[in-house]
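Structural features, examined
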Amino acid sequence: MKSLSKILSLLLSILIFSCKGYLEPIEYSTTYKFNSAIEADFKNDSTQRKYQIAASEYALKGDYRNALKYWDAGWNSKETNWKQKQIDSINKVYTKIDAIEYIINESEKHEIIIINEAHHNSYHRFFTKSLLKKLYDKGYRNLGLEALFYTDNLDSLNHIRKYPIQKTGYYTADPQFGNLIREAIHLGFYVFPYETENEGSDGYQREIDQAKNIQAYLNRNKGKTIIHCGYDHAMEGKHSSWEKAMAERVKEYTQKDPLTINQTVFSEKSDNKFNHPMLKAIQPEKAVVLIDSLEKSYSLKRNESYFDLPIFQKNTYYENNRPDWLFTNGNKKVEIPLDNINAKYPIMILAYHHDENIKEAIPVDITEVQNNNEKCILGLEKGKYKIVITDGTKSFLLTKKVN
C-alpha cells in the first residue's frame, strides 16, 4: 500500500504540473555541485587555494554572487577611495563611451583582438559573447580559447555537434562560457584551442607555446581573429615574470599589432566598496571605456607593460539572487514554477537547448533554489528548452518554450 501511495502521489504531482508543462521523472546526474557540497569542500580544505576553488565552482554553476564573494575573500580585499579632487579630475579629463560600440569601431584597424577574463567571473564571458555578432560583421572568423581542451572532438564541436560538452574544457562548463561557444559557432566562427600541450612548461615557455600555436593556426586559416584568454596573457610590452606575455609574442611572431582588452582590473568586486577607486570615481551605468578630449582612449599601464583598452564594468544588481546583466543581450527573464514538485530542497534547475544531449551538454543556465519561498528565474533566449529539476536524488524534466 505504501508503494502504491507513493506512485499515486507522484502521478498527482505530474497531473497538477501538466497545466504549466509536462513534468517527467528521469534518471539524471550532474557534475555541478550543490552549495552545501562546495561549502563542505571549502571547510575541509586547509590551503589558500580553497578560495579560488570555491569561486570557480560557484562560477561554473551560475552563482555569480558567491563566485565574487569567495574570490575576494581569498585576496583579503580592502577598501580604497580617492579624494574628491582626484574624482573630479578624472571625470573632467575623460568621457565615458559605450565599450561595445568603441571596440567594434576599433576592430576595423586590427586583424587580431585579444581580450582577457578573470576565471571566476562569468560576466567577462557574457561580455565577450556580446561582441561576437558585430565583430563577425567586421570580418572576424576565428575564436581562440585558452580554456578549450584538445580532448574534445573539435571537428564535431564546430561542424557536427556544434555545442560544448563537459569534456570541452573546465572553465567552459560555466553556462556563460558555453553560451559564448554556442554563439560563436552559430554565427560562423571556427573555435580553436591554443593552450600549450607541455604540462611541465613554466610561465615563460607557456607564453611562447601559446603564441606559436596561435601563429600556426593563423598561417593555415583566413579571417580576423579573436583570442579570449585569462588575466595577463593579454598584456603587451615587457612582462615582469615572463619577459613577454602571449599577446606580445603574438605581435612578434605574426607582425600584427593586436587590440588588447582588459576586463579584470576595473571589474566589480563582491562588495562595491572594494572596487578600484577609479571605477568608483566614474560610476558607469554600463560597460564603458574612457576617451579624452583628443578622442584617445585611456590605456592601462603597469611598469613596462600595458593593455590598449581597459573595460570599466558597472555594478551588478540582483533579483532573486540572479545578476541583472543576465537578462540583457537577448535574454528573457523566465520563471520556472516549482510548486507541487515531489523533491527535497535545495533543488538545482538546469536549462538545456531542446536539441542537445542533457547527459553531456553544457547547460544554458543554472540556478539553485534553497526553499519553496524562493522563485526560480532563468536567463534564456527565445527557443525551446529542456529544464531539468533535481535534488541530487530525484530528477524531473520539463519542456519549456520561450517566445
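Anyway, here's the lowdown on the structure attached to this text. (Residues numbered from 1 in each chain as written. Predicted model: local features only at pLDDT ≥ 70, side-chain atom pairs only at ≥ 80, totals over all residues. Heavy atoms only, no water.)

**Details of the sheet that holds strand β8 (residues 259-262)**
One open sheet accounts for six strands, arranged β5-β4-β6-β3-β8-β12; its pairing is parallel. Taken across any chain shown, the strands that pair with only one partner, and hence form the sheet edges, are β5 (190-193) and β12 (309-310). As paired elements, strand β3 (residues 112-117) and strand β6 (residues 224-230) share six bridges and run parallel to each other. Residue pairing across strands places Ile115 opposite His228, the latter belonging to β6. Across the sheet, helix α7 (residues 122-137) is in contact with β3, β4 (140-145) and β6; its angle to β3 comes to roughly 165 degrees. (Pairing = 2+ DSSP bridges. Helix = DSSP H or I, 4+ residues; strand = E, 2+ residues; numbered from the N terminus. Contact = heavy atoms within 4.5 Å. Axes fitted to C-alpha atoms, helices over the stretch in contact; angles between N-to-C directions.)

**Thoughts on the pattern of salt bridges**
By the definition in use, this model includes 25 salt bridges. Here Arg125 ties to Glu117 by a salt bridge, and the two come within 2.7 Å at their closest N and O atoms. Exposure class is identical for Arg125 and Glu117. Each is buried. Its salt-bridge partner being Arg322, residue Asp365 comes within 2.8 Å of it at the nearest N-O pair. Within this pair, whereas Asp365 is found in strand β17 (residues 365-369), its partner Arg322 is found in strand β14 (residues 322-323), the two being separated by 43 residues in sequence. In this structure, Asp365 and Arg322 share a single accessibility class: buried. Look at the salt bridges and you will find they share partners, linking Glu236, Glu248, Lys251 and Asp257 into a network. (Salt bridge = Lys/Arg side-chain N within 4 Å of Asp/Glu carboxyl O. Buried < 20%, exposed > 50% of the residue type's maximum accessible area, 1.4 Å probe, protein only.)

**Re the pairing of strand β9 (residues 288-291)**
Burial along β9 is two-sided: Val288 and Leu290 and Val289 and Ile291, pointing in opposite directions, are all buried. Strand direction decides the pairing type here: strand β2 (residues 95-98) and β9, joined by four bridges, are antiparallel. Across the sheet, residue Asp98 finds its bridge partner in β9, namely Val288.

**Some remarks on the packing of aromatic side chains**
Two measures describe an aromatic ring pair: the distance that separates the ring centres and the angle between the ring planes. Taken as a whole, this structure holds 18 aromatic pairs when the rule is applied. Ring geometry for Tyr94 and Tyr298: centres 5.5 Å apart, planes at 90 degrees, overall edge-to-face. Highlighted residues: Tyr94 in the loop between α5 (84-93) and β2 and Tyr298 in the loop between β9 and β10 (300-302), separated in sequence by 204 residues. Here the aromatic rings of Tyr298 and Phe312 are separated by 6.2 Å at their centres, their planes lie at 55 degrees, and the arrangement is tilted. One end of the pair, Tyr298, is in the loop between β9 and β10; the other, Phe312, is in the loop between β12 and β13 (318-319), and 14 residues separate them in sequence. The class of Phe312 is buried, set by a relative accessible area of 0%. Taken together, Tyr64, Tyr123, Phe126, Phe127 and Trp325 form an aromatic cluster joined through their ring pairs. (Phe/Tyr/Trp six-rings, centres within 6.5 Å; stacked < 30°, edge-to-face > 60°.)

**Some details on unusual backbone geometry**
Both trends apply: most residues other than glycine have a negative phi, and most peptide bonds are in trans. Along the chain, Tyr345 connects to Pro346 via a cis peptide bond; the corresponding omega equals 5 degrees. Following the sequence through the fold, Pro346 ends up in the loop between β15 (332-335) and β16 (347-353). In this model, Tyr231 sits at a positive phi of 45 degrees, which is unusual for a non-glycine residue. Here Tyr231 shows up in the loop between β6 and β7 (236-237). Although it is not a glycine, Gln255 adopts a positive phi angle of roughly 60 degrees. Its location among the elements puts Gln255 in the loop between α11 (246-254) and β8.

**As for the side chain of Arg125**
Considering the arrangement of structural elements, one finds Arg125 in helix α7. Accessibility expressed as a relative area gives 0% for Arg125, which makes it buried. When residues no more than four places from it in sequence are discounted, the contact partners of Arg125 are Glu117, Ala118, His119, Tyr171, Asp174, Gln176, Phe177, Leu180 and His228.

**Some details on helix α2 (residues 35-44)**
Buried within α2 we find Asn35, Ile38 and Phe42. Mapping the buried residues of α2 onto a view down its axis gives an arc of 65 degrees, with all of them on the same face. Residues Ser36, Lys43 and Asn44 are exposed on α2 and point more than 90 degrees away from its buried face. Structurally, α2 contributes buried residues whose contacts are with α3 (49-60), α4 (64-74) and β17. (Arc of directions from axis to C-beta.)

**Here's the deal with the packing of helix α6 (residues 99-107) against α7**
Relative orientation of the contacting elements α6 and α7 amounts to 45 degrees, with a least axis distance of 10 Å. Classified by the angle between their axes, α6 and α7 sit oblique to one another. Handedness of the crossing formed by α6 with α7: right-handed. Where α6 approaches α7, its residues Ala99, Ile100, Ile103, Ile104 and Ser107 are matched on the opposing element by Phe127, Ser130, Leu131, Lys134 and Leu135. (Parallel < 35°, antiparallel > 145°, perpendicular 65-115°, else oblique. Left-handed = near helix turned anticlockwise from the far one by under 90°.)

**Some remarks on the environment of Lys133**
Here Lys133 is to be found in helix α7. Measuring from C-alpha to C-alpha, the distance between Lys133 and Gln84 comes to 40 Å, with 49 residues separating the pair along the chain.

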